[in-house]
Protein chains: 2
Amino acid sequence: MPRFRIDIEYDGRPYAGWQRQAGQPSVQEAIEKAIAAFSGEEVTLRGAGRTDAGVHALGQVAHFDLSRGWKADTVRDALNAHLGMAGEMISILGAAAAPEDFDARFSAKARHYLYRILNRRSPPALDHGKVWHVARRLDAEAMHEAAQRLVGRHDFTTFRSVQCQAKSPVKTLDRLEVSRLGEEIEIRASARSFLHNQVRSLVGTLKKVGEGAWTAADVQAALEARDRAACGPVAPPEGLYLIRVDY
Amino acid sequence: MPRFRIDIEYDGRPYAGWQRQAGQPSVQEAIEKAIAAFSGEEVTLRGAGRTDAGVHALGQVAHFDLSRGWKADTVRDALNAHLGMAGEMISILGAAAAPEDFDARFSAKARHYLYRILNRRSPPALDHGKVWHVARRLDAEAMHEAAQRLVGRHDFTTFRSVQCQAKSPVKTLDRLEVSRLGEEIEIRASARSFLHNQVRSLVGTLKKVGEGAWTAADVQAALEARDRAACGPVAPPEGLYLIRVDY
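Computed from a predicted structure; not experimentally measured.

## So, the nonpolar core
So, step 1. Counting residues in each nonpolar core, the largest one holds 72 residues, and the members touching the most others are Ile6(A), Ile31(A) and Ile117(A).
So, step 2. Domain assignment of the residues forming this core places at least three in each of domain 1 (3–98) and domain 2 (110–246) of chain A.
So, step 3. Beyond its immediate sequence surroundings of up to four residues, Ile117(A) is in contact with Trp132(A), Val134(A), Leu138(A), Met143(A), Glu183(A), Glu184(A), Ile185(A), Ile187(A) and Val203(A).
So, step 4. The next biggest cluster of nonpolar side chains, apart from the first, holds 70 residues, and it includes Ile92(B), Tyr115(B), Val209(B) and Val245(B).

Structure representation (structure tokens):
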């Protein structure tokens, strides 16, 4: 069975998330339908990151198998044609033949997320649904400094959704960087894998630091509490982007 | 009568354009309604640039008069509150008291537009409706070189919509720059004022150069023809942004 890897961009707003769910639109189902439309085959698409409702992707990766070979460019163009006709907010950036042991989820060595905060008084018009709007001025440097307490191998129970299905709450956070670009604050997070809601939980907590309510020491204490109740508010999905997966 | 200047960002997609039109949603009408909702006054809003249907703004400027004074920040916040409740894709970036001889349209010394082309094989998902998608590779350097033939004071009849109401087709184009940033081509145009559809006509013509169909000499010949029929295709509205107005 030839295996294909696809790289995917999507606007998360119309979807209940990556994963197929009965009665709700999902990115996975939309692409599976497009695959069926061009190939006639019903496949299960496996994605690298199960993004939540409203979360965007600039570089999601997925794989699937077909019973016969196709030119990779044909796969990309046929999927885009079917997704476009269906009015989906999904674009296939690239398709490639993949080795049969390639697994979009389990072969991933690193996942990279970006979280965008629009930090100005006025709400977003052009980036509505694409950023978290925070009207109050945030101190990005203080946020960055506090973030460094979270980098490394830790028990991230505090920053994990109660629905998280991961076996262990221990993860290694390789990077958590906060920087200001004019009116926008960008938070970049990288790890081999993340717990459910981990990035949004980290961002919500760092926002408390940015507004001066929490210190870096408070963030460290929250981490060490290993208690979901110690977490700051979870940041909303609209600012989050899965930007790249490394293999 | 106290006069106010407002700076405005909007997503052009839901609107038939800046200007009020019977039976169709316009940016002007949406803001006039918000002004009436907070102040109780029916005003006519005057904008610096009458953007077409689907054209966006990062820095449109407009003015209006109220019979009594308000704190400028209150005007901004009240307008944003009413626009938000009405579900409009419009944000008031700032409001300021303006001298009574300030006219958003006639006092403008320069208008700056940006045109965004997404130049890649795959269609946009996140920037759908915000860029012109051109799948075929364009030569941005050749476009920039040809664009320089258009800079300066010329009769722009070729690049003017037949509906244009300007008295003279002679305008001074101060800047027309084309540059590539990864998958995106940005075209920046500046002038004291533009003819109707001028930027989109210039961009559509430069695209012919980018794909190798026209040379810089062909562009110059089109300009010198002073004939609308000599123009390349008009670029679609979704890539165009009014980014700034200088006074």
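## Things to note about the interface of chain B and chain A
So, step 1. Taken together, the contact pairs 25 residues of chain B with 25 residues of chain A.
So, step 2. In this assembly, chain B packs against chain A so that about 1,800 Å² is buried in total across both faces, 53% of it on carbon and sulfur atoms.
So, step 3. Looking at the side of chain B facing chain A, the largest losses of area belong to Arg121(B), Ala125(B) and Leu126(B), adding up to 34% of the total buried there.
So, step 4. On inspection of chain B and its partner chain A, the count reaches four salt bridges.
So, step 5. Among the salt bridges present, the one from Arg120(A) reaches Glu9(B), with a minimum N-O distance of 3.1 Å.
So, step 6. Counting across the interface, chain B meets chain A through 16 residue pairs in polar contact (both at pLDDT 80 or more).
So, step 7. Mapped onto the side of chain B that touches chain A, the elements with two or more residues apiece are strand 1 (3–10), strand 3 (56–65), helix 2 (72–85) and strand 4 (90–98) of chain B.
So, step 8. Sorting elements by how many residues they give to the side of chain B that touches chain A places strand 4 of chain B first, with four residues.

## Notes on the packing of aromatic side chains
Residue and element names in this part refer to chain B.
So, step 1. By the definition in use, this model includes 14 aromatic pairs over all chains.
So, step 2. Pairing Tyr115 with Trp132 gives two aromatic rings, centres 6.2 Å apart and planes at 85°, and the pair type is edge-to-face. In this pair, Tyr115 sits in strand 5 (residues 110–118) while Trp132 sits in strand 6 (residues 132–133), placing the two residues 17 residues apart along the sequence. The same class applies to Tyr115 as to Trp132, namely buried.

## Topic: the relation of the copies chain B and chain A
So, step 1. Between chain B and chain A, the superposition needs a rotation of 180° and an axial shift of 0.0 Å, giving an RMSD of 0.0 Å. The transformation just described matches what one would write down for a two-fold rotation axis. Measuring from the rotation axis to each C-alpha of chain B, the shortest distance belongs to Asp127(B), at 4.8 Å.
So, step 2. Of the interface residues in chain B, 100% have counterparts in chain A that sit at the interface too, so the contact is made through matching surfaces.

## Things to note about the UniProt feature "domain: Pseudouridine synthase I TruA alpha/beta" (unreviewed entry) in chain A
Residue and element names in this part refer to chain A.
So, step 1. As recorded in UniProt, the feature "domain: Pseudouridine synthase I TruA alpha/beta" (unreviewed entry) lies at residues 9–106 and 146–247.
So, step 2. Along residues 9–106 the backbone is 28% helical and 23% strand, and the end-to-end C-alpha distance reaches 20 Å.
So, step 3. Secondary structure content for residues 146–247 is 25% helix and 30% strand, and the end C-alpha separation is 29 Å.

## Looking at the packing of helix 3 (residues 140–147) of chain B against helix 4 (residues 198–210) of chain B
All names here are of chain B.
So, step 1. Taken N-terminus to C-terminus, the directions of helix 3 and helix 4 make an angle of 130°; their axes are 8 Å apart at the nearest point. Considered as vectors, helix 3 and helix 4 are oriented oblique to each other. When you trace helix 3 past helix 4, the crossing you get is right-handed. Residues Ala142, Met143, Ala146 and Ala147 of helix 3 pack against Leu206, Lys207, Val209 and Gly210 of helix 4.
So, step 2. Here the contact of helix 3 with helix 4 is composed, by residue class, of six nonpolar, one polar and one charged.

Thresholds applied
Residues numbered from 1 in each chain as written. Chains lettered and ligands numbered in written order. Predicted model: local features only at pLDDT ≥ 70, side-chain atom pairs only at ≥ 80, totals over all residues. Heavy atoms only, no water. Core = buried A, V, L, I, M, F, W, Y, C linked by side-chain atoms within 4.5 Å. Buried < 20%, exposed > 50% of the residue type's maximum accessible area, 1.4 Å probe, protein only. Domains from an automatic or database assignment. Contact = heavy atoms within 4.5 Å. Buried area = accessible area lost by both parts, 1.4 Å probe. Salt bridge = Lys/Arg side-chain N within 4 Å of Asp/Glu carboxyl O. Polar contact = N/O pair within 3.5 Å; in protein donor to acceptor, adjacent residues only side chain to side chain. Helix = DSSP H or I, 4+ residues; strand = E, 2+ residues; numbered from the N terminus. Phe/Tyr/Trp six-rings, centres within 6.5 Å; stacked < 30°, edge-to-face > 60°. Least-squares fit on C-alpha atoms with pLDDT ≥ 70 in both. UniProt positions renumbered as here; feature names shortened; annotations may be inferred. Axes fitted to C-alpha atoms, helices over the stretch in contact; angles between N-to-C directions. Parallel < 35°, antiparallel > 145°, perpendicular 65-115°, else oblique. Left-handed = near helix turned anticlockwise from the far one by under 90°. Nonpolar A, V, L, I, M, F, W, Y, C, P; charged D, E, K, R; others polar.

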